Amino acid sequence: MPDCAAGKKVAAFVLTEPGADSDASHQSTTAVEKGDHYVVNGEKIFIMLGDVADLGVLFCRVEGQSGVSAMMVDDTTQPGWQARTLKNKLGVRAATAAGIVLKDVKIPRANLLGELGHGSEYALATLGAAAVSVAAQSIGLSQRALDESIAYAKKREAFGQPIAKLQAIQWMIADMATRLEAARGMTYHAALKQDAGEAFSLEASMARLYATQVAAFCVDRAMQIHAGYGFIGEFSPIEKLYRDQRALEIYEGDAGVQRLAIAENIIGR
Ligand SMILES: Cc1cc2nc3c(=O)[nH]c(=O)nc-3n(C[C@H](O)[C@H](O)[C@H](O)COP(=O)(O)OP(=O)(O)OC[C@H]3O[C@@H](n4cnc5c(N)ncnc54)[C@H](O)[C@@H]3O)c2cc1C
């Protein structure tokens, strides 16, 4: 893992399956104990950088054990790790996404992470922490959309004056800035609770849900302000922001899952 932090190795989070869903406990990939190894068979989908990863944290069921377990795959060059790059990804194109077929993949038993059968908890803890970072990604994307919109509105002239002088444009910018401010406050609040070691899952899910909605709002308004120059990527980054934003509402626990988590926190299971 220090090699990953240093950028020398690429790691993947290998949870989602084609036949499974947003429920982390719903795994059909299976590991069978054979001597000092597990032999793993199954299939994974949508794995970010799974086609170029040197190692991965893999979630699966261990035969004869209840629950989901987590283990480290540290050899993705073995023939059983069959990863293919998924085509035509809408956004976040700086990173690939992969489908992975696991055919008798050998993982040393020493690579079991934590305790057998506790993998769902580890996955949910990872996704809980990721909620704050996805909220922060949304803040960054919204801020860029706002900055680009202000700069463009000041220089673009229509009907003989900069469009920034038009109240219709000013109100779009005011709405973007206001929602962004609220989303930033919620994100900092969740992050501060996380840093302080306090329970933060409710605040993280709320921040993520709202910040991703704000990002959708901001890129939509930025597109409208840039109009034709927003729609064509050669003229502005708005076309890229528009595509990238959509993933924020899907990966690492989508908007529906955040609502479930919020409701569970408030109402109870
Ligand atoms: C760009 C990208 C990168 C990704 N990276 C990774 C990665 O690195 N590793 C990884 O393991 N996965 C990754 N994923 C997968 C991602 O986490 C899943 O796509 C996501 O969790 C949703 O699962 P699903 O697509 O199976 O949707 P489904 O679970 O099939 O959901 C379909 C719809 O039903 C709704 N829904 C489902 N259950 C409920 C419920 N109980 N109540 C209300 N609504 C519900 C959902 O909100 C959604 O709208 C990535 C996905 C994308 C798009």
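Just so it is clear, the model here is predicted, and its values are computed rather than measured.

A short note on the overall build of the protein
Each helix and strand in the protein was counted, giving 7 helices and 10 strands. Reported as C-alpha extents along the three principal axes, the dimensions of the protein are approximately 80 × 40 × 35 Å. For the protein, with 269 residues in total, the buried portion stands at 39%. Long-range pairs, those at least 24 residues apart, make up 71% of the contacts in the protein between residues at least 6 apart in sequence. Summed over all atoms, the accessible surface of the protein reaches about 14300 Å², with 56% contributed by carbon and sulfur. Taken together, the 27 basic and 31 acidic charged side chains of the protein have centroids lying 6 Å from each other.

Some thoughts on the site of the ligand
In the vicinity of the ligand there are 14 residues, among which F13, T16, S22, F46 and D254 approach most closely. F13 is positioned such that a nitrogen or oxygen atom in its backbone is 2.7 Å from a nitrogen atom of the ligand. In this structure, F46 approaches the ligand through a main-chain N or O atom, which is 3.0 Å from a nitrogen atom. Considering the ligand on its own, with 980 Å² of exposed area, one finds that the protein chains cover 63% of that surface. Put simply, the parts of the chain that give the shell around the ligand at least two residues each are β3 (37-48) and α7 (255-267). If one sorts the elements of the shell around the ligand by residue count, β3 sits on top with 3 residues.

Quick word on the domain arrangement of the protein
In terms of domain boundaries, the protein breaks down into domain 1 (2-117) and domain 2 (120-267). In this structure, domain 1 and domain 2 have C-alpha centres spaced 30 Å apart. Each partner contributes residues to the interface: domain 1 has 16 residues there, and domain 2 has 12 residues. In this structure, the connection of domain 1 to domain 2 is made through 0 salt bridges. If you look at where domain 1 meets domain 2, you find 3 residue pairs in polar contact (both at pLDDT 80 or more). Here the residues of the side of domain 1 that touches domain 2 sort into 10 nonpolar, 4 polar and 2 charged.

Overview of the nonpolar core
A145, I169, M176 and I225 are the most contacted members of the largest nonpolar core, which totals 33 residues. The set of elements that each furnish at least two residues to this core consists of α2 (119-155), α3 (167-195), α4 (201-226) and α6 (238-248). Examining the composition of this core, we find that 11 residues originate from one element, α4, more than from any other. Ignoring sequence-local partners within four residues, the contact set of I225 consists of S149, Y152, A153, I163, I169, M172, I173 and M176. By size, the runner-up hydrophobic cluster in this structure holds 18 residues, among which are A12, I47, L58 and I107.

Observations concerning a nonpolar patch on the surface
Taken together, Y229, F231, I232 and F235 make up a surface patch of nonpolar side chains, about 430 Å² in accessible area. Structurally, the position occupied by I232 is in the loop between α5 (228-231) and α6.

A few points about the side chain of Q258
Summarising the element assignment, Q258 is placed in helix α7. By relative accessible area, Q258 is classed as buried at 5%. Residues in contact with Q258, not counting those within four places in the same chain, are A131, S205, R208, L209, E252 and G253.

Definitions and limits used
- Residues numbered from 1 in each chain as written.
- Predicted model: local features only at pLDDT ≥ 70, side-chain atom pairs only at ≥ 80, totals over all residues.
- Heavy atoms only, no water.
- Helix = DSSP H or I, 4+ residues; strand = E, 2+ residues; numbered from the N terminus.
- Buried < 20%, exposed > 50% of the residue type's maximum accessible area, 1.4 Å probe, protein only.
- Contact = heavy atoms within 4.5 Å.
- Areas by Shrake-Rupley, 256 points an atom, 1.4 Å probe, with all protein chains shown as cover.
- Lys, Arg positive; Asp, Glu negative; His and termini not counted.
- Charge placed at Lys NZ, Arg CZ, Asp CG, Glu CD.
- Near = heavy atom within 4 Å.
- Polar contact = N/O pair within 3.5 Å; in protein donor to acceptor, adjacent residues only side chain to side chain.
- Domains from an automatic or database assignment.
- Salt bridge = Lys/Arg side-chain N within 4 Å of Asp/Glu carboxyl O.
- Nonpolar A, V, L, I, M, F, W, Y, C, P; charged D, E, K, R; others polar.
- Core = buried A, V, L, I, M, F, W, Y, C linked by side-chain atoms within 4.5 Å.
- Patch = residues over 30% accessible without salt bridge, like charges linked within 9 Å, V, L, I, M, F, W, Y side chains within 5 Å.

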